[in-house]
Amino acid sequence: METKNIMIVGVGGQGTLLTSRILGGIAIHGGYDVKLSEVHGMAQRGGSVVTFVRYGDKVAEPIVEVGQADVLIAFERLEAMRYIHYLKKDGVLIANDWRIDPITVVTGVAEYPENILEEIEKDHKVYRINAMEEALKLGNSKVFNIIVLGMAARHMDFSKEDWMQVIEKTVPPKTVEINKKAFEVGYGNK
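Calculation rules
- Residues numbered from 1 in each chain as written.
- Predicted model: local features only at pLDDT ≥ 70, side-chain atom pairs only at ≥ 80, totals over all residues.
- Heavy atoms only, no water.
- Helix = DSSP H or I, 4+ residues; strand = E, 2+ residues; numbered from the N terminus.
- Rg over C-alpha atoms; globule rule 2.2 N^0.38 Å.
- Buried < 20%, exposed > 50% of the residue type's maximum accessible area, 1.4 Å probe, protein only.
- Contact = heavy atoms within 4.5 Å.
- Areas by Shrake-Rupley, 256 points an atom, 1.4 Å probe, with all protein chains shown as cover.
- Phe/Tyr/Trp six-rings, centres within 6.5 Å; stacked < 30°, edge-to-face > 60°.
- Pairing = 2+ DSSP bridges.

## As for the overall build of the protein
Looking only at helices and strands, the protein has 8 helices and 6 strands in total. When the helices and strands of the protein are listed from N to C terminus, the series reads β-α-β-β-β-α-β-α-α-β-α-α-α-α. Taken against the 2.2 N^0.38 rule, which gives 16 Å for 190 residues, the C-alpha radius of gyration of the protein at 16 Å falls within 12% of a compact globule. With the principal axes as the frame, the protein shows a C-alpha extent of 50 × 40 × 30 Å. Per-residue burial for the protein yields a buried fraction of 50% across its 190 residues. The contacts in the protein between residues at least 6 apart in sequence include a share of 63% that link residues at least 24 apart. Entry remark: accessible area of the protein is about 9300 Å², with carbon and sulfur atoms responsible for 50%.

As structure tokens, then:
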């Protein structure tokens, strides 16, 4: 199998690292060689967080090069814009249609760009969901990342049952059921 390149981008505290561990787990479960790379920006202060997950028959290095991501998972619109250049021409962006103002916007130094996802859609295939709204319907805002992952899972080569097994093994035991429900919401969203 040709190496698959997945990139997850978000803001500190959005569950980017847990999501990358689930992705790594599903690839290992599928019998692939896996490399993970976690790039922590100012994660503790709401800064950008990037993780790479690469899997295939034999993966040499963990870093995804510009223009090589098969799937870009973005937990926030501005982060999608910031890293869209990593996506292949025929790649897929899975985006949480959510806004988090960076400190430069909060302090008035910069303005948050308008129509980010609409602009990206001009050149790329974009699937979007307001995962925070969906998570709140489930009663737990923290599972929005698993909703986004569920949506992304539809664009990968693993069965829903395999995803559920890996989620069970990866998330904290007391959160297994809510995370499985969250995954179902994203997986069922076209």
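## Considerations on the packing of aromatic side chains
On inspection of all chains with the given rule, the structure shows 9 aromatic pairs. Seen from their ring centres, Tyr55 and Phe158 are 5.5 Å apart, and the 50 degrees between their planes marks the pair as tilted. Residue Tyr55 is found in strand β3 (residues 48-56), and its partner Phe158 is found in the loop between α6 (144-153) and α7 (160-170); the two are separated by 103 residues along the sequence. Accessibility expressed as a relative area gives 2% for Tyr55, which makes it buried. Aromatic side chains Phe158 and Trp163 sit 6.1 Å apart centroid to centroid with 85 degrees between the ring planes, which places their arrangement in the edge-to-face category.

## Description of the pairing of strand β1 (residues 4-11)
Within β1, 7 of the 8 residues are buried, which leaves it mostly tucked inside the rest of the structure. The pairing of β1 with β3 spans 8 bridges and is antiparallel. Residue pairing across strands places Ile8 opposite Thr51, the latter belonging to β3. In this structure, β1 lies alongside strand β4 (residues 69-74), joined through 4 bridges in parallel fashion. Within the sheet, the bridge partner assigned to Val9 lies in β4 and is Ala74.

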